[in-house]
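Residue-level listing of the chains:
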Amino acid sequence: MISKYRTLFNDQFSLEKYQAFQDDIAADFNYLPTFRMAETPFFISNELKLQLLEGCQAVIDLIQREDFKKLTEPSLELNIKVPNEDEHTTFLAIDFGVCEEDGKTIPKLIEVQGFPSLYNYQYILYDKFKKHYPFLEELTPFINGISSAEYLAILEDAICNAHPKENVILLEIEPEKQNTKIDFYYCRSILGVPIVCVTNLIKKGKLLFYKNEQGAEIQVKRIYNRVIFDELALRSDLQLQFSFSDDLDVEWAGHPNWFFRISKFILPFLKGKYFIETTLLSELKTIPEDLENYVLKPLFSFSGTGVIFHVKKEDIEAVVDKDLYILQKKVHYIPIVQSPDGKVKAEVRVLCIWKKDETAPQLLCNLVRLSRGEMIGVKFNKDKDWVGGTLGLFER
């Protein structure tokens, strides 16, 4: 969208350079991410940036409401409720599709999550792009003028809260098998936070412990939580020595309850030009005749699991737990990123951190996903190029 930098990038791009870029990332841990890395950043114009910031503020205004916890309490009744919830979320990710409406480009909110995304990997991705395309130093992925060092300091404070690193853990289900494990590796490398599987936690009274590489038991004082509960619910084979519903003497970097409170559950409450018509299925009065213009989504799934893009009447009628699904109007993504052979669609995820002593979250960085398919997602982009995960860059 910034024609100067799009031209510069495309003129310098080659398949050999893209391979070198991937090899550079793979060399850090002798591991190439299993998700597809897009060939290019997304160059975000000042006009689109201002729209994204305005849309984010409208989401934040809802989350800041005094009655927000009361409003979202039903989301916890539908799921596991974890004790010792904090006053507000630590992490906030706000996803916008870059769409077209009345002939104009406009971001439309697709999803919002009170859950950490690839905060560590995105930081490194910026450095990798600059290394292979030095002119990108003129641009930044950071919002509100912060530097790379300031970003890392904010991230470290959010994850560690001044605890010794050995007492803070990144918690996940079989982390070595997760698609996002490159982010875990960078978290451990940059911040010094150990990675622990849920099955390796030891419970003693209200305390949790893990064994370090030397076999010593170390108390867990703070958990950087990356566990998705719908994945946990499907893993009946896992043997845990604790339950998330236990009253534990531990802090949460990303309390699990916020995954449910700030989710698709709040989409029906958001009204305005950046938001899409969304209805909780249990509150749907009549099934629309033009279902080709709608998409059916589970409230708490992750990475597009369970989404029905081509909805039929029988799909809606077959849903048993109608409190757990939404019917959302489709939006029209605009092909906007110029590749060597046509244009590509984009979705921008704004990454925020809400410090414990602040009244509002701070918008920090971003993640972008590119697509040539009907939706943003792996199954819609198989065997395609100039698609996948990348970074949005703003003018300084």
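For the structure itself, look to the data block above.
Please read these numbers as outputs of a predicted model, since none were measured by experiment.

**Details of unusual backbone geometry**
- In this structure, Asn30 is a non-glycine residue whose phi angle is positive, near 55°.
- The phi angle at Asp102 is positive, at roughly 55°, despite the residue not being glycine.
- Mapped onto the secondary structure, Asp102 falls in the loop between strand 2 (91-101) and strand 3 (104-113).

**Some remarks on the packing of helix 6 (residues 148-160) against helix 7 (residues 181-191)**
- Look at helix 6 against helix 7: their axes get within 12 Å of each other, and the N-to-C directions meet at 100°. Considering their axes alone, helix 6 and helix 7 lie roughly perpendicular with respect to each other. Note on element contacts: helix 7 touches helix 6 through Cys187, Ile190 and Leu191, opposite Leu152, Leu155, Glu156 and Ile159.
- Split into classes, the residues belonging to the contact of helix 6 with helix 7 amount to six nonpolar, no polar and one charged.

**Some thoughts on the nonpolar core**
- Counting residues in hydrophobic clusters, the biggest one holds 124 residues, and the most contacted among them are Phe42, Ile159, Leu171 and Phe244.
- Contact partners of Phe244, with chain neighbours within four places excluded, come to Ile80, Val82, Pro83, Leu171, Val198, Asn225, Val227, Phe229, Leu232, Trp252 and Pro256.
- In terms of nonpolar packing, the next biggest core, distinct from the first, is built from eight residues, Leu281, Leu291, Leu296 and Val319 among them.

**Thoughts on the side chain of Asn161**
- Among the structural elements, Asn161 can be located in the loop between helix 6 and strand 5 (168-172).
- Its relative accessible area of 17% is what places Asn161 among the buried residues.
- At 2.8 Å, the side chain of Asn161 forms a polar contact with the side chain of Lys356.

**Observations regarding the pairing of strand 16 (residues 342-353)**
- Counting buried residues along strand 16, 10 of its 12 residues qualify, which places the element largely inside the surrounding structure.
- In terms of strand pairing, strand 2 meets strand 16 through seven bridges, oriented antiparallel. Paired with Phe96 across the bridge in strand 16 is Val348.
- Alignment of strand 15 (residues 337-339) against strand 16, held across three bridges, turns out to be antiparallel. In the sheet register, Val337 faces strand 16, and the bridge partner there is Val344.
- Between strand 15 and the antiparallel strand that follows it, strand 16, lie two residues.
- Sheet analysis places strand 16 next to strand 17 (residues 362-371), joined by nine bridges and oriented antiparallel. Bridge pairing in strand 17 links Lys345 to Ser371.

**Considering the packing of aromatic side chains**
- Across all of its chains, the model carries 29 aromatic pairs by this definition.
- Geometrically, the ring pair formed by Phe29 and Tyr185 is tilted, given 5.4 Å between the ring centres and 55° between the ring planes. Linking Phe29 in helix 2 (residues 15-29) with Tyr185 in helix 7, this pair joins segments that are 156 residues apart in sequence.
- Here Phe29 falls in the partly exposed class, since its relative accessible area comes to 26%.
- With a centroid separation of 6.5 Å and 80° between ring planes, the pair formed by Tyr133 and Phe135 is classed as edge-to-face.
- When its relative accessible area of 1% is taken as the criterion, Tyr133 is described as buried.
- For Phe135, a relative accessible area of 11% gives the class buried.
- Following the ring pairs from residue to residue traces out a cluster consisting of Tyr5, Phe9, Phe13, Tyr18, Phe43, Tyr133, Phe135 and Trp386.
- Looking at Lys130, its charged tip hangs above the ring of Tyr126, at a distance of 4.1 Å from the centre.

**What about the sheet that holds strand 11 (residues 251-253)?**
- The strand order across the open sheet built from four strands is 6-5-10-11, with neighbouring strands paired in parallel fashion. The open sheet has two free edges, formed respectively by strand 6 (195-197) and strand 11, since each of these has just one partner strand. Geometrically, the sheet is characterised by an average inter-axis angle of 35° between neighbouring strands, direction not taken into account.
- Relative to strand 6, strand 5 is paired through three bridges, and the arrangement is parallel. Bridging across to strand 6, Leu171 finds its partner in Val196.
- Along the sheet, helix 6 makes contact with strand 5, strand 10 (222-225) and strand 11, crossing strand 10 at roughly 115°.

**Section: the sheet that holds strand 4 (residues 139-140)**
- A sheet is described by the order of its strands in space; here three strands give the open sequence 1-19-4, paired in mixed fashion. Unpaired on one side and paired on the other, strand 1 (42-44) and strand 4 mark the two borders of the sheet.
- The sheet contact formed by strand 4 and strand 19 (residues 392-395) spans two bridges and is antiparallel. By the bridge assignment, Leu139 is partnered in strand 19 with Glu395.

**A short note on helix 1 (residues 3-12)**
- Those residues of helix 1 that sit buried are Tyr5, Arg6 and Phe9. Viewed end-on, helix 1 has its buried residues packed into an arc of 105°, placing them on one side of the element. Seen from the open side of helix 1, the exposed residues pointing more than 90 degrees away from its buried face are Ser3 and Asp11.

**Let's talk about the environment of Lys17**
- Here Lys17 lies in helix 2.
- Taking the C-alpha atoms as reference, Lys17 lies 9.3 Å from Tyr133; in sequence the two are 116 residues apart.
- Non-local contacts of Lys17, meaning those with residues more than four positions away in its chain, are made with Gln12, His132 and Tyr133.

Criteria and thresholds
- Residues numbered from 1 in each chain as written.
- Predicted model: local features only at pLDDT ≥ 70, side-chain atom pairs only at ≥ 80, totals over all residues.
- Heavy atoms only, no water.
- Helix = DSSP H or I, 4+ residues; strand = E, 2+ residues; numbered from the N terminus.
- Axes fitted to C-alpha atoms, helices over the stretch in contact; angles between N-to-C directions.
- Parallel < 35°, antiparallel > 145°, perpendicular 65-115°, else oblique.
- Contact = heavy atoms within 4.5 Å.
- Nonpolar A, V, L, I, M, F, W, Y, C, P; charged D, E, K, R; others polar.
- Core = buried A, V, L, I, M, F, W, Y, C linked by side-chain atoms within 4.5 Å.
- Buried < 20%, exposed > 50% of the residue type's maximum accessible area, 1.4 Å probe, protein only.
- Polar contact = N/O pair within 3.5 Å; in protein donor to acceptor, adjacent residues only side chain to side chain.
- Pairing = 2+ DSSP bridges.
- Phe/Tyr/Trp six-rings, centres within 6.5 Å; stacked < 30°, edge-to-face > 60°.
- Lys NZ or Arg CZ within 6 Å of the ring centre and 35° of its normal.
- Arc of directions from axis to C-beta.

Functional significance is not addressed by these values, which are geometric in nature.
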